[in-house]
Amino acid sequence: MGVSRRDLFKAVGAGAVVSLIGSPTFAKKAETLNLPKPSKGSPRVVIVGGGWSGSTLAKYIKKKDPKVDVVLIERRAMFMSCPVSNLWLVDLVPLEFLIHSHLKPASKYGYHFVNAMVHDIDREKRFVYTNLGKIHYDYLVLATGIDYDYSQWVGTDPRDVEIAMTKYPAAFKPGNEHIRLKQKIHDFEGGNFVITVPPGLDYRCIPGPYERATMVAWFFKKNKVPGKVILIDPHNDPPVKAEGFHKAWNEYVKGYIEYLPNAQIKEVDFGRKRIVTNVGDVKFDDLNLYPRCKSAPIVFKAGLVKKGDRWPALRWPWYQTVEDERILCTGDARNQPFSKSGNTANSEAHIVAEFVVNLIRGKEMPYRPPRTLCYSGVDKEKAVWVDLTYKYDPKKNEFAFHNVKMDNTPSKKNWIAYLEWAKGLYRDMFS
Amino acid sequence: MDRRRFLKVCTAVAFAPFMLGRSFGAESFKPYKKALLLREDGKPLRPEDIDPSKEYIFFYPYRSTPCLLIDLGKKVGPVEVKLKNGTSYLWRGGVGPKGSVVAFSAICTHQLSFPKKEYSLINYYPEGKVSKLVGRDKVIQCCAHMSAFDPERGGKVIEGPAPSPLTAIVLSYEDGKFYALGTSGEEVFEDFFDAYRSELRKVYGSTRIAKELVDSCVVLEMEKYTEEVVRC
């Protein structure tokens, strides 16, 4: 019997998994990364993920207690913002607006910034394994953002998933995907440019796909592109800022956008360039496929996600995982039903920093929910916003939106506030 | 006795009777250069020059740090202002013939937004201009992240993510003239200089110049200073 290349990979993979469970040979060989602590007995918090949550956490843990050793591990060499990126896609802000360096806050506040990839976690011995070496932790925060779950719409054939990821990137994880999407928008010469909205509310940036569709339509209109955006939405209306988006679609970009609400995607047929939905087939000339979201692979690998779930089980209202009280999941990696957004992650991290410092000191603190202030562009120099917080009911162990305020009237003043909102948050994390 | 120590002593003496028997924290007063407030034409600012239905901007204690000047129309303060860390301090309240003129640093204590020539997101909402966020007037609000402050209560946070009250500017009213003397409360000037290093260099040529202490301040209507007053 011959052994195919795929079978060989399977065998090697199975062997590797067994060796990890039975005898972590790689672990024995991995050298400990030499990261000096403030003092020999300093407790160490390792944060995986240098996005909105992790960057804020690293700074504020150090501000609250400089004796705590904080290690921020991020696989990307620089920070690129997902919030406001829809404006960059259509040239309304420069790239410099979105990109920031971790080095200034790391040196100013005294945390370690490790540009590395985490590939495993030893929960028993409390080590994080990176490509640069292993790092011991007292507490571990997984601020690992999101991953895409293509199984619902594309299936599990790796060839199809690869097509989805490379040819039609979702572009809600900044970097390559955004750059590719921008090229596609600017190169589009006509026809249907389809954008999809994931189902539910547990996807990154609830208004993001609606803002993107609106601004891409604005871009096509401005450049007289003979085409339109088709927005396929499983919801019956945008869950937030609906009035503002409808005003834009009916007035500012009318004729350049077609909104398909209540559209459940059944299949994405890359070969015939069509999306099969319950309200009919949609032909596309180009596609921005944003599927359902799930936890990053390392959260699954650490055994923190129950079978059949997409997010880690946490000890509500706080962020410690059910499986391991030494590990917390924050930002978009959390399973609380908060808006997965930059502002939520930032405001939450201010609170979690205090929580972690108290945890180290063996103290409790009263629960405080995060806050979500979220702007969306609906035209050039016009924006709308929603501002809300959350309420936790300990008896029911439930969260609800609380104190919701919004301004659905598109205005230049909101646009100015939108940009300053982002600048302020970048200042908070990087200056 | 140098001027700075003299001021501190004067302050302590002036407030000693008030503070006796109260559980207020100590008055927080950090003296800077005594600066005369001026009108645009260079003459000293008089009480009648300050319209309660408007907001004004001046730069103090550094030439690049903006402040709001407001006539609240009635006597205000003194007030105990509590901080998040459990401490508190005494805010002196208003000055002028009615005790109604107050000033605060216009740098938001949350994420340092401040009035620029192009726009101002942090503004005073005079009587009749109701904030949508808190549903009332006579507030100072920053629309960047929706923090609202109470100018009648020493700049206390009413709502939003700001971690501390606005830094109060301590004023005096002497012989019909207004002076800025220093600050009261937590300052964010060093964070401001660090965060805006590049912008300050563009406007002032260098951060050294931006950090120069002033001994007089021209007071301008905010509407004249900035192109877009953003209220929300």
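Just so you know, these numbers come straight off a predicted model, no measurement behind them.

Calculation notes
- Residues numbered from 1 in each chain as written.
- Chains lettered and ligands numbered in written order.
- Predicted model: local features only at pLDDT ≥ 70, side-chain atom pairs only at ≥ 80, totals over all residues.
- Heavy atoms only, no water.
- Helix = DSSP H or I, 4+ residues; strand = E, 2+ residues; numbered from the N terminus.
- Buried < 20%, exposed > 50% of the residue type's maximum accessible area, 1.4 Å probe, protein only.
- Contact = heavy atoms within 4.5 Å.
- Areas by Shrake-Rupley, 256 points an atom, 1.4 Å probe, with all protein chains shown as cover.
- Domains from an automatic or database assignment.
- Buried area = accessible area lost by both parts, 1.4 Å probe.
- Salt bridge = Lys/Arg side-chain N within 4 Å of Asp/Glu carboxyl O.
- Polar contact = N/O pair within 3.5 Å; in protein donor to acceptor, adjacent residues only side chain to side chain.
- Nonpolar A, V, L, I, M, F, W, Y, C, P; charged D, E, K, R; others polar.
- Pairing = 2+ DSSP bridges.
- Axes fitted to C-alpha atoms, helices over the stretch in contact; angles between N-to-C directions.
- Disulfide = S-S within 2.5 Å.

A. Broad picture of the overall build of chain B. Within chain B, the secondary structure is distributed over five helices and 14 strands. Here chain B holds 232 residues, and the buried ones make up 57% of them. A fraction of 64% describes how many contacts in chain B between residues 6 or more apart in sequence connect residues 24 or more apart. Taken as a whole, chain B presents about 10000 Å² of accessible surface, with 49% of it coming from carbon and sulfur.

B. Spotlight on the domain arrangement of chain A. Residues and elements named next belong to chain A. Partitioning chain A into structural domains gives domain 1 (25-145 + 295-368) and domain 2 (152-292). Computed from C-alpha coordinates alone, the two centres of domain 1 and domain 2 are separated by 30 Å. Tallying the contact residues gives 18 residues for domain 1 and 23 residues for domain 2. Interface of domain 1 and domain 2: buried area, both sides summed, is about 1900 Å²; carbon and sulfur atoms make up 59% of it. Area buried by domain 1 at its contact with domain 2 is led by Asn-86, Leu-89 and Val-90, which between them contribute 30% of it. Applying the counting rule to domain 1 against domain 2 returns three salt bridges. Between Asp-332 and Arg-204 there is a salt bridge whose closest N-O contact spans 2.6 Å. At the junction of domain 1 and domain 2, the tally comes to twelve residue pairs in polar contact (both at pLDDT 80 or more).

C. Structural detail: the interface of chain A and chain B. In this complex, chain A contributes 24 residues to the contact, which on the side of chain B involves 24 residues. Carbon and sulfur atoms supply 50% of the area that chain A and chain B bury against each other, a total of about 1900 Å² over both sides. Between Lys-116 of chain B and Glu-420 of chain A there is a salt bridge; the shortest N-O distance is 3.9 Å. At the boundary of chain A and chain B, one finds 15 residue pairs in polar contact (both at pLDDT 80 or more). Among the elements that take part in the side of chain A that touches chain B, helix H13 (residues 412-430) of chain A stands out by supplying eleven residues, more than any other. When its residues are assigned to classes, the side of chain A that touches chain B shows seven nonpolar, four polar and 13 charged.

D. Spatial organisation of the pattern of salt bridges. This structure, assessed with the given rule, holds 42 salt bridges over all chains. Lys-59 of chain A serves as the salt-bridge partner of Asp-428 of chain A, at 3.8 Å between the closest nitrogen and oxygen. Linking Asp-428 of chain A in helix H13 with Lys-59 of chain A in helix H3 (residues 52-64), this pair joins segments that are 369 residues apart in sequence. The partner of Arg-310 of chain A in a salt bridge is Asp-202 of chain A, with the nearest N and O atoms 3.1 Å apart. Taken together, the residues Arg-310 of chain A in the loop between helix H11 (297-301) and strand E19 (327-329) and Asp-202 of chain A in the loop between strand E11 (191-196) and helix H9 (208-222) connect sequence positions 108 residues apart. With relative accessibility at 22%, the residue Arg-310 of chain A sits in the partly exposed group. Each of Arg-371, Asp-387 and Lys-405 of chain A together with Glu-159 of chain B takes part in salt bridges that share partners, so that together they form one network.

E. Structural detail: unusual backbone geometry. Here the residue pair Trp-316 of chain A and Pro-317 of chain A is connected by a cis peptide bond, since its omega of 0° sits within 30 degrees of zero. Along the chain, Pro-317 of chain A falls in the loop between H11 and E19. Cis geometry marks the peptide bond from Tyr-60 of chain B to Pro-61 of chain B; its omega dihedral reads -5°. Relative to the helices and strands, Pro-61 of chain B resides in the loop between strand E2 (56-59) and strand E3 (66-71). A positive phi angle is found at Asn-397 of chain A, which is not glycine, with a value near 55°. Looking at the secondary structure, you find Asn-397 of chain A in the loop between strand E21 (382-393) and strand E22 (398-411).

F. Examining the sheet that holds strand E8 (residues 139-142) of chain B more closely. All names here are of chain B. The strand order E7-E8-E9-E10 describes an open sheet built from four strands, whose pairing is antiparallel. Strands with a single pairing partner mark the edges of an open sheet, and in this sheet they are strand E7 (122-125) and strand E10 (156-159). On average, each strand axis in the sheet is tilted by 30° relative to the strand beside it, whichever way the strands run. Note that E8 and strand E9 (residues 147-150) share three bridges and pair antiparallel. Following the sheet pairing, Ile-140 is matched in E9 by Phe-149.

G. Representation of the state of the cysteines. All names here are of chain B. This structure, assessed with the given rule, holds one disulfide over all chains. In this structure Cys-108 is a free cysteine whose sulfur lies 4.0 Å from that of Cys-142, the closest cysteine sulfur available. Classification of Cys-108 as buried rests on a relative accessible area of 2%. On the basis of relative accessible area, Cys-142 is assigned to the buried category, the value being 2%.

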